[in-house]
Amino acid sequence: MLKNVLTVMLGTFSSRVFGLLRQAVFNALFPDALKDAFNVAYRVPNLLRELLAEGAVQNALIPVLKGLSEEEARRFSRRFGAFLLGINLMALGLGYLFAPQIALLLVAPGSHLREAESFQQVVFLIRLLLPFLLFISMAALFSALLQAQERFGPSSFAPVAFNLVSILLMALWPQDPTALGLSVTLGGVFQALIQLPFLKGFFLEWGFHPAFKTALFRMGPFVFTTSLRQFLNLVLVNILTRYPQAAVTGFYNAEVVFQMVLGLFATSPAMALFPRLSTLAREDPGGFARLLEGALARMAFFLGLLGGGLTGLAPYLVVVLFGLFGPLSPENRTYSAQVLMAMGFAVLPWGLNTLLLRGLYALGRVAEAVLVSALVFAVNTLGYWALREGGLFALNLATALAGYLGFLLYLRLLSRARVGLRRGVLAWARAFLPGLGAAGLGVGVQALWPATTLKEALPPLVLGGVGSVLTYLGLAWLIGVPVRALLSRRF
């Protein structure tokens, strides 16, 4: 189990590091107006990505595959792959045809992206990016097949190929919108292809399989909740385009860092634990509860530290991570830091929710999990809309508030399955309070040591980072957190 977790974490870490490098190259080589247009257009394949790729496919298929014999699992995967290909081709055709109408939904009236040249650039990039959806869907299918066999290496490292191809194309053709769009589409091609050799004998086969009904039934709730989340994304993009130029890019710069932290310290362990949780949920309820509660405590410990660090050190992180190959514009730098500070507060609840949600799926309590997820996304959307005039920091606090609502509701559902509610809240409190202290120390460093260039930002980032870690560990020790146990392999 530990080997699987470490493999996924190492693969995720590698892909996220290259993702940060890709974002730094992107920020250095393209103007703010083109970056905004690209980030809006990139939302379109991402709107469908979780419906036809990571979220629905991976989470729904793994339990189905685990319940089939080896031969039936192979037959099912071949036929489901063909079915998924057909759905994607239809989605691509519709997306290409209605690209201008989709752009009108995403870009708010009065936005700088509604100007004729910028708007046409958004439409062009939407059409150029759409094939990415097909390839990332197949990559997600391949990942699910490998993870069901508890082979996490190829799927964990495949996104590295995506980022390397993207970086190469952007570096070879800077400021070129076509190269920028193709950097994503061709990156998706390589992310799928690099996994294919590990699926020996895999090919597509048209036909029906009895397990389709179970798989689609499991995917249904994912499709529903993902549809709500993508509606949230539509609202968010529309709101972001109301802000001045570089606000859209600033948001997605911060999101890259936020997703890196969640991917490494929440999604990776949860993904590695999911097959084992699914097995224990059927065979050993007591073992299921122990595994979930132990993972929750350990995950909270690290997420609390990281969330506090993001909030306290956001301006320095933005300059260092995204200014590697050239200085950011003042607007880009400011907006990125504002969003990242707010997202720091969301790291702890959303990270824990990643694990709790998979616990509910493993138990087969899909309908209840879906209802809670729907409520969380609705609250997040309403929060964005209510705070849209408050600036980017206030706007993104809506994500943290919705995350905490989901955390409490998921814990409540799991408490009925004999997974301790009290221990979950205790794990959160033991991480939140020290994290608040670490964030406060970082904000103090910001006030005393402003920095706008890479050379200026490195010293306060290092000193503030060390101070934040020491503050976190000290406060954790004072309130009785079993730090040594959480850091040990046997916890």
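Computed from a prediction, not measured in an experiment: that's the story for all the values here. (Residues numbered from 1 in each chain as written. Predicted model: local features only at pLDDT ≥ 70, side-chain atom pairs only at ≥ 80, totals over all residues. Heavy atoms only, no water.)

**Q** Sorry, what's going on with the pattern of salt bridges here?
**A** If charged atoms from side chains of opposite charge come close, those side chains can pair. Applying the stated criterion to the full structure yields 10 salt bridges. Measuring nitrogen to oxygen at the nearest pair gives 3.0 Å for the salt bridge that ties Glu70 to Arg74. One end of the pair, Glu70, and the other, Arg74, are both in helix α4 (residues 70–97), four residues apart, so they sit about a helical turn from each other. Note on Glu70: relative accessible area 61%, which makes it exposed. Judged by its relative accessible area of 35%, Arg74 falls in the partly exposed class. The partner of Glu71 in a salt bridge is Arg75, and the shortest N-O contact between them spans 3.7 Å. One end of the pair is Glu71 and the other is Arg75, both in helix α4 and four residues apart, which spans about a single turn. Residue Glu71 is classed as partly exposed on the basis of its relative accessible area of 34%. Taking relative accessible area as the criterion, Arg75 reaches 24% and is therefore assigned partly exposed. The structure contains a network of salt bridges with shared partners spanning Glu70, Glu71, Glu72, Arg74 and Arg75. (Salt bridge = Lys/Arg side-chain N within 4 Å of Asp/Glu carboxyl O. Helix = DSSP H or I, 4+ residues; strand = E, 2+ residues; numbered from the N terminus. Buried < 20%, exposed > 50% of the residue type's maximum accessible area, 1.4 Å probe, protein only.)

**Q** Mind showing me how you'd approach the packing of aromatic side chains here?
**A** Two aromatic rings are characterised by how far apart their centres lie and by the angle between their planes. The final tally for this structure, using the stated rule, is 20 aromatic pairs. With centroids separated by 5.5 Å and ring planes inclined at 80 degrees, the aromatic side chains of Phe142 and Phe202 adopt a geometry described as edge-to-face. Of this pair, Phe142 sits in helix α7 (residues 131–148) while Phe202 sits in the loop between α9 (177–193) and α10 (211–240), and the two are 60 residues apart along the sequence. Take Phe142 and Phe202: they sit in the same class, and that class is buried. Feature note: the residues Phe26, Phe30, Phe38, Tyr42, Phe132 and Phe162 constitute an aromatic cluster, connected by ring pairs. Lying across the ring of Tyr96, Arg127 places its NZ or CZ 4.8 Å from the centre. Between the NZ or CZ atom of Arg388 and the centre of the ring of Trp385, over which it lies, the distance is 4.0 Å. (Phe/Tyr/Trp six-rings, centres within 6.5 Å; stacked < 30°, edge-to-face > 60°. Lys NZ or Arg CZ within 6 Å of the ring centre and 35° of its normal.)

**Q** Can you help me understand the nonpolar core in this one?
**A** Across soluble globular proteins, nonpolar side chains show a tendency to be buried alongside one another. One finds Leu61, Phe76, Leu141 and Leu355 to be the most contacted residues of the largest nonpolar core, which totals 150 residues. Here this core takes 18 residues from helix α12 (residues 285–322), the largest share from any one element. Among all residues touching Leu141, those that are not within four sequence positions of it are Val57, Leu61, Ser77, Phe80, Gly81, Leu84 and Phe202. (Core = buried A, V, L, I, M, F, W, Y, C linked by side-chain atoms within 4.5 Å. Contact = heavy atoms within 4.5 Å.)

**Q** What is the right way to look at the packing of α4 against helix α5 (residues 99–106) in this model?
**A** Pairs of packed helices are described in terms of their axes, by the angle between the two and the distance that separates them. Across the interface, α4 lies against α5 with an axial gap of 5 Å and an inter-helix angle of 75 degrees. As the angle between them shows, α4 and α5 are arranged roughly perpendicular. Residues Gly95, Tyr96 and Leu97 of α4 lie in contact with α5, whose contacting residues are Ala99, Pro100, Gln101 and Ile102. Split by residue class, the contact of α4 with α5 holds five nonpolar, two polar and no charged. (Axes fitted to C-alpha atoms, helices over the stretch in contact; angles between N-to-C directions. Parallel < 35°, antiparallel > 145°, perpendicular 65-115°, else oblique. Nonpolar A, V, L, I, M, F, W, Y, C, P; charged D, E, K, R; others polar.)

**Q** Would you explain the packing of helix α11 (residues 247–283) against α12 in this entry?
**A** The N-to-C vectors of α11 and α12 enclose an angle of 175 degrees; their axes lie 8 Å apart at closest approach. Considering their axes alone, α11 and α12 lie roughly antiparallel with respect to each other. Of the residues that constitute the contact of α11 with α12, the class distribution is 22 nonpolar, two polar and two charged.

**Q** Got a minute to help me understand a nonpolar patch on the surface in this structure?
**A** A surface patch of nonpolar side chains, amounting to about 330 Å² of accessible area, comprises Leu10, Phe13, Val17 and Phe157. Note on placement: Leu10 falls in helix α1 (residues 2–29). For Leu10, a relative accessible area of 49% puts it in the partly exposed group. (Patch = residues over 30% accessible without salt bridge, like charges linked within 9 Å, V, L, I, M, F, W, Y side chains within 5 Å. Areas by Shrake-Rupley, 256 points an atom, 1.4 Å probe, with all protein chains shown as cover.)

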